[in-house]
Amino acid sequence: MTDNGKVDKTTYSEQIAGIVRERIRRGELKGGDHVSEAALAMECGISRAPVREGLYLLEAEGLVTAHPRKGKRITILQRQDIHDRYELCGILEGAAAASLLKAGNEDILPLLDPVLARMRQEVTTGGVDVLANLGTVFHETFLAPVKNRLVVDTARSACRIISKYLLYQQWRTLYTPQEHYDRHYAIYRAFGSGNPQIVENAIRMHYGESAERMSSFVMD
């Protein structure tokens, strides 16, 4: 968006999608809230066509759901949705991590050492938001060497709409600072075992626990 509140004409639909994502992330738009094409178009000083395209992008991501005769609404999560997405993420990410050890990658711990050290420091000096972001870096670090990027991308996107957007306000306080560190240290120790199955199980447990906690925030 430009300084005068208008969107850049070259990326209308992407910017509209970005505006709605950020409002979901901040908790200004919640599950079930109506997203008005007309209101967004008027607010941004553009026609409704690019707004519609932007909402289609969000619909493809799972952040917006189309309802007959009711228009577009922010997706309402159900407990099973959360469990399914986190289970998928655990299965795919766990298999990807295990594949690194099976392929003979032995340099995972040195890659994770600085991230884990920073997390340890932030337990007493930083905030939960910092630790949550470091947790994302931790996962991205050990997944970086994985050759099958489709597996990695699918795993990350499975949980992303929940933890980064639809339930971000809940997710950011899901764990205490010490719990953030302990959960990632458990994965670190699993890598240290050198056993692919132990690593895979640790990661699946990691996401399974998050699914249990996150599902407590929604009602079926």
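Values in this document were obtained by computation on a predicted structure and should not be read as measured data.

## Here we look at the pattern of salt bridges
Evaluation of the coordinates by the stated rule reveals twelve salt bridges. With its nearest N and O atoms 2.6 Å apart, the salt bridge here joins Arg 26 to Glu 28. For Arg 213, the salt bridge goes to Glu 209, with nearest N and O atoms at 3.3 Å. Of this pair, Arg 213 and Glu 209 both sit in helix α10 (residues 196–215), four residues apart, which is roughly one turn of the helix. Owing to a relative accessible area of 27%, Arg 213 belongs among the partly exposed residues under this scheme. Take Glu 209: its relative accessible area is 33%, and that puts it in the partly exposed class. Three or more residues joined by partner-sharing salt bridges are found here, namely Glu 179, Arg 183, Glu 209 and Arg 213.

## Examining the sheet that holds strand β3 (residues 71–74)
What the three strands build is an open sheet, ordered β1-β3-β2; its pairing is antiparallel. Strands with a single pairing partner mark the edges of an open sheet, and in this sheet they are β1 (34–35) and β2 (64–67).

Calculation rules
- Residues numbered from 1 in each chain as written.
- Predicted model: local features only at pLDDT ≥ 70, side-chain atom pairs only at ≥ 80, totals over all residues.
- Heavy atoms only, no water.
- Salt bridge = Lys/Arg side-chain N within 4 Å of Asp/Glu carboxyl O.
- Helix = DSSP H or I, 4+ residues; strand = E, 2+ residues; numbered from the N terminus.
- Buried < 20%, exposed > 50% of the residue type's maximum accessible area, 1.4 Å probe, protein only.
- Pairing = 2+ DSSP bridges.

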